[in-house]
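# A structural walkthrough
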Amino acid sequence: MSLAPELRFVAPAADAFIVDPDTVPEQRLGFLPRYGDERWSLLALTQNPSATDDLIRWAWFPEIFREAFRYATWSLINYPLPDPEMLRHGSAMRSKLSSGRVLKTVNQWSIFAQWLTERGIGTLSRVAAEDLAEFAAHLDKVRGLSRNTATSHLIGLSRLHYYGRFHLPPQDRLVEPPWLSEGLDDYLPAASALGENITEPIAPATMGPLLVWALRFVEEFADDIMTANEEHARLSTTAEALRGYRHPASADGLLAFLDGLKAEGKPVPTATVKGRKLAVPGIFLAGKTGTPAERVHQIMGKPAWRAYIAANPGPCLLEAPVTATLGGEPWHEPFEFYTFTALVRHLVTACYIVLGYLTGMRTGEKGAELRLMQHPAGRAKRIAAGRRGRLRGRPAECD
């Protein structure tokens, strides 16, 4: 987005979008904020499917600085910095930021603005190089930030200085920070003895067995879990659709089901909910018999059925078969409706390990994969099969 020279340093109208809507994917237009909004969503600025809807909140800034930093942020979003200025700073500074980095930078600016306000400084043009040096010391001695985090704050102020030179009005221009000419090192907390990243990597002796079992869990047990998950989702969806349904015959399905169990002397499904044994499994029986959960509780709370249930309690079993084996025996007992979701979490964890380790994707990318794939277990199985195929000289099977 470019401005005519006569419009330079003029803020957009309050009802103007913060970027040209034509540059925003259609499915994200609803997130595009207007310049005068109290909060700015940045989802419209990214096509990353795993991005979260984090917001810039202008209440972060003291009122005296709010509009100055609103305009600086608008410039940050719409204008890249010239490459020669990047070379002055070094490779750690990019010409244009991602939406996530914009959010982090603006949050860091708000901390700086609050610090200035506490010192009685009301405009950026009044900030001296000595003030910036004191703020760097404040990040270390008062806030106790790590070296990496403090570096990020100082780079954010360097960027504010550069934007002041090219895109901000005179009163909002920040003096050149002393670390641009003297180097960052003297303005940062001391480095740790072991280097900045002191987290030990996962040992191969741990990662190897973990990956083997994650692969085995996905390849051998995923089909059973996914089949049961479809039944679990169907029952839950049916129960939700029946909520509030009123009809004289609404309990016919439940009564026929219970009468059949009693005639054969079979147990009645019950559940342990919040520590209460023999609780009425309203959602399970609603989905299974087509009876609203409210009616399930009413009928099963009658004395005749309460007595039968107390003498004949049983689990809420899904009909999905258990086909995989472990040591020649079924790997799991029949799946139970109210405890089944723990297995889904185990499967998602195993998929996460397989996808992350064998593809090298970052956390956000794995999150997008697991949310967008209809069957993440199938994807993980294909990736694992493809990787083994390449190791054996076969064509990969993964897509």
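This text gives an overview of the structure that appears in the document.

Rules behind the numbers
Residues numbered from 1 in each chain as written. Predicted model: local features only at pLDDT ≥ 70, side-chain atom pairs only at ≥ 80, totals over all residues. Heavy atoms only, no water. Phe/Tyr/Trp six-rings, centres within 6.5 Å; stacked < 30°, edge-to-face > 60°. Lys NZ or Arg CZ within 6 Å of the ring centre and 35° of its normal. Axes fitted to C-alpha atoms, helices over the stretch in contact; angles between N-to-C directions. Helix = DSSP H or I, 4+ residues; strand = E, 2+ residues; numbered from the N terminus. Parallel < 35°, antiparallel > 145°, perpendicular 65-115°, else oblique. Contact = heavy atoms within 4.5 Å. Buried < 20%, exposed > 50% of the residue type's maximum accessible area, 1.4 Å probe, protein only. Core = buried A, V, L, I, M, F, W, Y, C linked by side-chain atoms within 4.5 Å. Arc of directions from axis to C-beta. Polar contact = N/O pair within 3.5 Å; in protein donor to acceptor, adjacent residues only side chain to side chain. Expected span 1.5 Å × (residues − 1).

### A look at the packing of aromatic side chains
Following the criterion strictly, the structure yields 20 aromatic pairs and no others. Members of the aromatic cluster, joined through ring pairs, are Tyr35, Trp40, Trp58, Phe61, Phe65, Phe69 and Trp109. A cation over a ring is seen here: Arg34 above Phe17, with NZ or CZ 4.0 Å from the ring centre. Above the plane of the ring of Trp305 lies Lys262, whose end atom (NZ or CZ) is 5.4 Å from the centre.

### Description of the packing of helix α7 (residues 204–241) against helix α9 (residues 282–289)
At their nearest, the axes of α7 and α9 sit 7 Å apart, and the two run at 90° to each other. Between α7 and α9, the interaxial angle falls into the category roughly perpendicular. Here α7 contributes Leu235, Ser236, Thr238 and Ala239 to the contact with α9, which in turn contributes Ile283, Phe284, Ala286, Gly287 and Lys288.

### Points about the environment of Tyr71
Tracing the chain through its elements places Tyr71 in helix α1 (residues 63–78). Sequence-wise, Tyr71 and Leu168 are 97 residues apart; in three dimensions their C-alpha atoms are separated by 7.8 Å. When near neighbours in sequence (up to four residues on either side) are disregarded, Tyr71 contacts Phe9, Val10, Ala11, Pro12, Tyr35, His167, Leu168 and Pro169.

### A closer look at the environment of Asp54
Looking at the secondary structure, you find Asp54 in the loop between β1 (39–41) and β2 (55–57). Asp54 gets classed as partly exposed once you look at its relative accessible area, which sits at 39%. Between the C-alpha atoms of Asp54 and Arg39, which are 15 residues apart in sequence, the distance is 9.8 Å. Contact partners of Asp54, with chain neighbours within four places excluded, come to Trp40, Ser41, Leu42 and Leu103.

### Let's talk about the nonpolar core
Of all hydrophobic cores here, the largest spans 50 residues; its most connected members are Trp109, Phe112, Leu157 and Leu160. At the level of secondary structure, the elements contributing two or more residues to this core comprise α1, α3 (99–118), α4 (129–141), α5 (147–166) and α6 (178–182). Looking at which element gives the most residues to this core, the answer is α3, with nine residues. In contact with Leu160, other than residues within four places in its own chain, are Phe69, Ala72, Trp109, Leu124, Leu168 and Leu174. Counting 40 residues, the second largest nonpolar core, distinct from the first, contains Leu215, Leu261, Phe284 and Leu285.

### Things to note about helix α11 (residues 303–311)
Each α-helix winds once per 3.6 residues, and so residues spaced three or four apart point in a common direction. Among all positions of α11, only Trp305, Tyr308 and Ile309 are buried. On an axial view of α11, the arc spanned by its buried residues comes to 100°, and they lie on one face. Summarising the geometry of α11, the exposed residues directed more than 90 degrees from the buried face are Pro303, Arg306, Ala310 and Ala311. At its buried positions, α11 is contacted by α8 (252–263), β3 (268–269), α10 (293–300) and β6 (313–314).

### Remarks on the side chain of His232
Take His232: it is sitting in helix α7. From its side chain, His232 meets the backbone oxygen of Phe337 in a polar contact 3.2 Å long. Once you skip the residues sitting within four places of it in the chain, His232 turns out to touch Leu318, Phe337, Phe340 and Thr341.

### What about α1?
With 16 residues, α1 extends 23 Å from end C-alpha to end C-alpha; this agrees with the ideal 22 Å at 1.5 Å per step. Among the 16 residues in α1, 12 count as buried, and that is most of the element. Taken together, the buried positions of α1 are Phe65, Ala68, Phe69, Arg70, Tyr71, Ala72, Thr73, Trp74, Ser75, Leu76, Ile77 and Asn78. Elements that come into contact with the buried residues of α1 comprise β1, β2, α3 and α5.

Shape is all these values report; function is a separate question.
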